[in-house]
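Coordinates in review
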Amino acid sequence: MRWAKSNNIRVGWGRGSAAGSILSYAFDITNLDPIRFGLLFERFLVEGRKSMPDIDLDFDDRFRDKVIDYARSKYGEDKVAHICTFNRTGAKQSIRDAARALGYDFATGDKISKLVPPPVLGVSKNLNECMQVSEFSTSYKTEDTSKQIIDAAFGLEGLVRQTGIHAAGIVISKGPLTDYLPIMQKGVDNPVVTQWDMSRVEQCGLLKIDFLGLRNLGVIDQCIKTVKKNHNIDIDVNKIPLDDQRTYEELCKGNAVGVFQLESSGMRSLMLQLQPKTIEDIMALISLYRPGPMGSGMDKLFIDRKHGRSKITYEHPKLEEALSQSLGIMLYQEDVLAVARGLAGFTSGEADDLRKVIGKKQMDKIPKLRQKFVKGCVENSNLDKALANKIFSDIEYFGGYGFNRAHAASYAMISYITAYLKTHYTSEYMAALLTSVAGNKDKLFLYLNDCRKLGIKVFPPSINQSEIDFEVKKDKEILFGLASVNGIGISIAEAIIKNRDTQKPYHSMHDFYRRCDSSVLKKSTLEHLIYSGALDELVDTEEDNDINRSSELSILEKEKEELGIYVTKHPLEGTWDVMKTNIDLELIEIPECTNGSYIKVGGIITSSKKIITKKGARMFKFNLEDPSGEIEVVVFPKDAKNYSDEFFKAGEIAYISGTLNRETDDENSSNRIFLSNLEKVDNATMYSGKAIYLNYKSIDSLQLKKIYDIINNNNGNRQVYLNVDSNLGTFVYKFNKTTNKNAEKLIKELLEENQ
């Protein structure tokens, strides 16, 4: 940690059992003040602890590999290795494997595997748990093929399928690793990896450290550097006040898109209920948004108690001392430890063993610990056996999911710092955020949409002004980075910028061709730059109509193609304000919906294709996009017969109703909608009152400028909407400035002259 800090690599606040330690804080291993956060219980140094302390270190993900390389150089190449993982067969994969082994085709196994319910907050059900799901159990009981495959799958579930590399775990030994355990290396360019997994490594007594890369630390770092550059303000994250009222006001409104750990719609919904006012409230939020607490209703109970709607009660007087800080609820692992010590008379070491056994789901050891816990409660606290068993069951249920307090505090600090920076330095923070997800279309959708809500305008790239990454042009204005353009990348962007900055700005296309490196002058590179809008300022200078993007419609389409998202404006701008009042949810909220839900969404069709099935029937797939995201819509043959081949045309704006289908495997999840009904939007019926609605087939940039002039010269209170329906698609423009009735006549006259 000290090396990383001295080399300007931003680090987190430290997690794991050592994170809350006074010694870790004193030695500068973590930044988490144990007194400030009530972390004085030395969990990793307790008498009787059998395993080495657990230290999780967070680094800016851009430099994680550099930190690991330093560890190798310091301790020796033969003493540092990544930790192996054994990827075991889950419920879905075991069904597919069983079907294949029994000679069934892929479709048969795939059909049964889809009956496995999707993960809940990242936790998947095993086959035994699936048998409690009605659809799954019905298939097992009524279909011989299904029963045969699932019975075979029980024998495969949990078997090692392949090895992998732990996402963060590194082992460091005093002597050569081969003195302690076997290692392997799959090719000279790949890292050295242990042949034993994490639990076996711990049994060797070796030190395991998690080197984690966090994108958000990079966002914090870049934001702070931009603030220094733009405002000459030095921000020390360790000195940011933890009681900033503006920051908590934004969080209480649910304005947490781009805030670490708090941006999902489910978390924002929980946040609106909790209304966080302190860093401890953020710790509680992060700890409550977990399968255990949410599955048991603990989140609602905690919120009701926090706001005084429910009385805080304790099933035994000793529980008040253990759980008073967390409102009588076992919210953190430390609460579990305190209950075990206070009620059952466990030593600190015995309580830690209980935590570990339950947390790692060592099912064979739980009955013995239950017996010991119940006996201790009866003898130490005069508890009834039934109540003691009930409390142990609560511990068992919660302990498998609960965070330790230090982990929650560390994450809460990053959450708060990101929220603080977004609140006080919004443009700089959003630029850093956009840079961190360049190439990730879903995240770009989310953050660009948030920029629009925040009143921040994001501009397409500029050959003379853009840097490699997203940059703040001025307050409330962000410029796209050159490296984020499709097909450009960092090396080409650096070549363009170096030549521009060491000499002078490019003043024409000819000048650009003459001065640029040959790698930049490839046809594909030039096309990407042109279509993204990066060369517009040079084209306008030359008035080169062959290269210039002649209309706003083509700007939007080409921008989407090259930048992954609509930047200048979204084609639904103007329409969306009305559309979103007639739908169930925006596309960004779909991951929070239950699989199989019947939903209504809206958006613009961006692409579509017709498919002919093996039986010769037609079906369709098309992508629907709204300002927050994109989703695939499937039209099966039974419904496809109601539509013509040209019905699902790109550019059409529509409402979609259908069933949400979520495909999941052990690592990924994808959503689609099975269409039940489609209703195309008639823009002419969307606006009423004093709005001026204009509908035309085509429009060029000169006409658009003249319309702006008419509106600017005719003040009034009428909103102007211009609908353009061309071969590029349907686009609706909502003019920011309102005008009067006279402007409607003048605009119609202007456009009719050119029709």
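The rules behind each value
- Residues numbered from 1 in each chain as written.
- Predicted model: local features only at pLDDT ≥ 70, side-chain atom pairs only at ≥ 80, totals over all residues.
- Heavy atoms only, no water.
- Helix = DSSP H or I, 4+ residues; strand = E, 2+ residues; numbered from the N terminus.
- Buried < 20%, exposed > 50% of the residue type's maximum accessible area, 1.4 Å probe, protein only.
- Areas by Shrake-Rupley, 256 points an atom, 1.4 Å probe, with all protein chains shown as cover.
- Salt bridge = Lys/Arg side-chain N within 4 Å of Asp/Glu carboxyl O.
- Pairing = 2+ DSSP bridges.
- Axes fitted to C-alpha atoms, helices over the stretch in contact; angles between N-to-C directions.
- Parallel < 35°, antiparallel > 145°, perpendicular 65-115°, else oblique.
- Left-handed = near helix turned anticlockwise from the far one by under 90°.
- Contact = heavy atoms within 4.5 Å.
- Nonpolar A, V, L, I, M, F, W, Y, C, P; charged D, E, K, R; others polar.
- Core = buried A, V, L, I, M, F, W, Y, C linked by side-chain atoms within 4.5 Å.
- pLDDT = per-residue confidence, 0-100.
- Lys, Arg positive; Asp, Glu negative; His and termini not counted.
- Arc of directions from axis to C-beta.
- Polar contact = N/O pair within 3.5 Å; in protein donor to acceptor, adjacent residues only side chain to side chain.
- Phe/Tyr/Trp six-rings, centres within 6.5 Å; stacked < 30°, edge-to-face > 60°.

A few points about the overall build of the protein chain
- From N to C terminus, the protein chain includes 32 helices and 18 strands.
- For the protein chain, buried positions account for 50% of its 755 residues.
- Per element, the accessible surface of the protein chain, about 35600 Å² overall, is 49% carbon and sulfur.

Quick look at the pattern of salt bridges
- Counted under the stated rule, the structure contains 38 salt bridges.
- The network of salt bridges with common partners includes Arg-10, Asp-60, Arg-62, Asp-221 and Lys-225.

A short note on the sheet that holds strand E7 (residues 457-459)
- Read across the sheet, three strands follow the order E7-E9-E8 without closing on themselves; strand pairing throughout is mixed. Each edge of the sheet is formed by a strand with only one pairing partner; in this case those strands are E7 and strand E8 (471-474). If you compare each strand with its neighbour and ignore which way they point, the axes differ by 35° on average.
- Pairing between E7 and strand E9 (residues 477-479): three bridges, direction parallel. Each residue of the ladder has a partner; that of Lys-457, found in E9, is Glu-477.

A look at unusual backbone geometry
- Even without being glycine, Gln-275 reaches a positive phi, approximately 55°.
- Take Gln-275: it is sitting in the loop between helix H12 (265-274) and helix H13 (279-288).
- Despite not being glycine, Leu-327 shows a phi value in the positive range, around 60°.
- If you trace the backbone, Leu-327 turns up in the loop between helix H16 (317-323) and helix H17 (333-344).
- Residue Leu-327 is classed as buried on the basis of its relative accessible area, which comes to 17%.

Quick word on the pairing of strand E6 (residues 207-214)
- Pairing analysis gives six bridges linking strand E1 (residues 55-60) to E6, with the strands arranged parallel. Considered in E6, the bridge of Phe-59 is made with Gly-213.
- Where strand E3 (residues 160-172) and E6 come together, four bridges link them in antiparallel fashion. In the strand pairing of E6, Val-171 is matched with Lys-208.

Quick word on the packing of H17 against helix H18 (residues 348-359)
- Interaxial distance between H17 and H18 falls to 9 Å at its minimum, and their mutual angle equals 130°. On the basis of the axis angle, H17 is oblique to H18. Judged by the twist between their axes, the crossing of H17 over H18 is right-handed. In this structure, H17 uses Gln-333, Leu-337, Ala-340 and Arg-341 to contact H18, whose residues at the interface are Ser-348, Ala-351, Asp-352, Leu-354 and Arg-355.
- The residue inventory of the contact of H17 with H18, partitioned by class, reads four nonpolar, two polar and three charged.

Observations concerning the nonpolar core
- Ranked by internal contacts, the top residues of the largest apolar core, which has 122 residues, are Val-339, Phe-373, Leu-421 and Phe-512.
- Per-element tally for this core: the top contributor is helix H21 (residues 405-424), with twelve residues.
- Discounting residues that sit within four places of it in the chain, Phe-373 has contacts with Val-339, Ala-340, Ala-344, Phe-346, Ala-388, Ile-391, Phe-392 and Ile-395.
- One finds Leu-587, Ile-631, Val-633 and Phe-648 within the second-largest nonpolar core, a separate group that totals 22 residues.

Observations regarding the confidence of the model for the protein chain
- The share of residues in the protein chain with pLDDT of 70 or more is 90%, and the mean pLDDT across the chain is 84.
- Confidence drops under a pLDDT of 50 for residues 541-550, and excluding neighbours within four residues, the segment shows 21 contacts in the predicted structure.

Describing the side chain of Glu-586
- In this fold, Glu-586 is placed in the loop between helix H29 (576-579) and strand E10 (598-612).
- For the buried Glu-586, no salt bridge is present, and the opposite-charge side chain at shortest range is Lys-453, 4.5 Å distant.
- For Glu-586, the contacting residues outside a window of four places in its chain are Asn-449, Trp-576, Lys-580, Asp-626 and Ser-628.

Things to note about helix H11 (residues 245-252)
- Considered for burial, the residues of H11 that qualify are Thr-247, Tyr-248, Leu-251 and Cys-252. Buried residues of H11 fall within an arc of 135° about the axis and therefore sit on the same side.
- Directly beyond the C-terminal end of H11, a positive phi value near 85° is found at Gly-254.

Overview of the side chain of His-82
- Within the secondary structure, His-82 is located in strand E2 (residues 80-88).
- Of the residues examined, His-82 reaches a relative accessible area of 9% and is grouped as buried.
- Engagement of the side chain of His-82 in a polar contact is seen with the side chain of Arg-72, the distance being 3.3 Å.
- Setting aside its immediate chain neighbours within four residues, His-82 contacts Arg-64, Ile-68, Arg-72, Ile-165, Gly-169, Ile-170, Pro-191, Val-192, Val-193 and Thr-194.

Some remarks on the packing of helix H10 (residues 215-231) against helix H22 (residues 426-436)
- One can describe the packing of H10 onto H22 by two numbers: an axis separation of 8 Å at closest approach and a directional angle of 140°. In terms of orientation, H10 and H22 fall into the oblique class. The interaxial crossing formed by H10 with H22 has right-handed handedness. Along the contact surface, H10 presents Arg-215, Val-219, Gln-222, Cys-223, Thr-226, Val-227, Asn-230 and His-231, while H22 presents Glu-428, Tyr-429, Ala-432, Leu-433, Thr-435 and Ser-436.
- Broken down by class, the residue content of the contact of H10 with H22 amounts to six nonpolar, six polar and two charged.

Points about the packing of aromatic side chains
- On inspection of all chains with the given rule, the structure shows 16 aromatic pairs.
- The interplanar angle of 55° and the centroid separation of 5.4 Å between the aromatic rings of Phe-373 and Phe-392 together place this pair among those described as tilted. You can see Phe-373 sitting in helix H19 (residues 366-381) and its partner Phe-392 sitting in helix H20 (residues 385-399), a full 19 residues away along the chain. Of the two residues examined, Phe-373 and Phe-392, each falls in the buried class.

Considering the environment of Phe-106
- With respect to the helices and strands, the residue Phe-106 is situated in helix H5 (residues 106-113).
- Residue classification places Phe-106 among the exposed positions, given a relative accessible area of 60%.
- Sequence separation between Phe-106 and Arg-96 is ten residues; the distance between their C-alpha atoms is 7.3 Å.

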